[in-house]
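Remarks on the overall topology
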Amino acid sequence: MKEKEKQLFKALCKFKDKIIDPSLIEFATPAVLGHLFFNHMQGVAYDVLKKNGLLGKVNREFRNSLGAAYEQNVLKNESFKK
């Protein structure tokens, strides 16, 4: 991965930070998406993008993949609570 892709990956994994640099969104590549899934951070990444109002800035495939994983995590967590 290129340096800016690594920066985006790290920013998307920081769920406690309130703000991410919107200029990094252009580096939302398949490599970043793959690393998010490989490291089980796809739900966190979706939530970070959502909280920063950046979901509309990433491409549809990136957004839909993260969104589906986020929904799956929500369902799984609800099941664990029961």
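Coordinates for the structure precede this section.
Residues numbered from 1 in each chain as written. Predicted model: local features only at pLDDT ≥ 70, side-chain atom pairs only at ≥ 80, totals over all residues. Heavy atoms only, no water.

1. Remarks on the overall build of the protein chain
- In terms of regular secondary structure, the protein chain is built from four helices and zero strands.
- When the helices and strands of the protein chain are placed in sequence order, the string is α-α-α-α.
- What you see for the protein chain is a C-alpha radius of gyration of 12 Å, in line with the 12 Å of a compact globule of 82 residues.
- Projected onto the principal axes, the alpha-carbon positions of the protein chain cover approximately 40 × 25 × 20 Å.
- Relative to its full complement of 82 residues, the protein chain shows a buried share of 34%.
- Across the protein chain, contacts joining residues at least 24 apart in sequence account for 63% of those joining residues at least 6 apart.
- Charge centroids of the protein chain, computed over 15 positive and 9 negative side chains, lie 4 Å from each other. (Helix = DSSP H or I, 4+ residues; strand = E, 2+ residues; numbered from the N terminus. Rg over C-alpha atoms; globule rule 2.2 N^0.38 Å. Buried < 20%, exposed > 50% of the residue type's maximum accessible area, 1.4 Å probe, protein only. Contact = heavy atoms within 4.5 Å. Lys, Arg positive; Asp, Glu negative; His and termini not counted. Charge placed at Lys NZ, Arg CZ, Asp CG, Glu CD.)

2. Points about the pattern of salt bridges
- Here the structure, examined in full by the defined rule, presents two salt bridges.
- Two residues, Lys51 and Asp47, come together in a salt bridge whose shortest N-O distance is 3.2 Å. In this pair, Lys51 and Asp47 are both assigned in helix 3 (residues 42–51), four residues apart and thus about one turn of the helix distant. (Salt bridge = Lys/Arg side-chain N within 4 Å of Asp/Glu carboxyl O.)

3. A word on the environment of Leu12
- Relative to the assigned elements, Leu12 resides in helix 1 (residues 3–13).
- Discounting residues that sit within four places of it in the chain, Leu12 has contacts with Ile20, Val32, Leu36, Val44, Ala45, Val48, Leu49 and Phe62.

4. A look at unusual backbone geometry
- Positive phi, normally seen in glycine, also occurs at His40, with a value near 55°.
- Residue placement: His40 occurs in the loop between helix 2 (30–38) and helix 3.
- By relative accessible area, His40 is classed as exposed at 66%.

5. Some details on the side chain of Thr29
- For Thr29, the position within the fold is in the loop between helix 1 and helix 2.
- A distance of 2.8 Å separates polar atoms of two side chains, one belonging to Thr29 and the other to Glu5.
- Those residues within four positions of Thr29 in sequence are excluded, and the remaining contacts are Glu5 and Phe62. (Polar contact = N/O pair within 3.5 Å; in protein donor to acceptor, adjacent residues only side chain to side chain.)

6. Observations concerning the packing of aromatic side chains
- In the structure shown here, the tally under the stated rule is one aromatic pair.
- When the centroid spacing of 4.9 Å and the interplanar angle of 35° are considered together, the rings of Tyr46 and Tyr70 count as tilted. Taken together, the residues Tyr46 in helix 3 and Tyr70 in helix 4 (residues 60–81) connect sequence positions 24 residues apart. (Phe/Tyr/Trp six-rings, centres within 6.5 Å; stacked < 30°, edge-to-face > 60°.)

Geometric descriptors of this kind do not, in isolation, establish any biological role.
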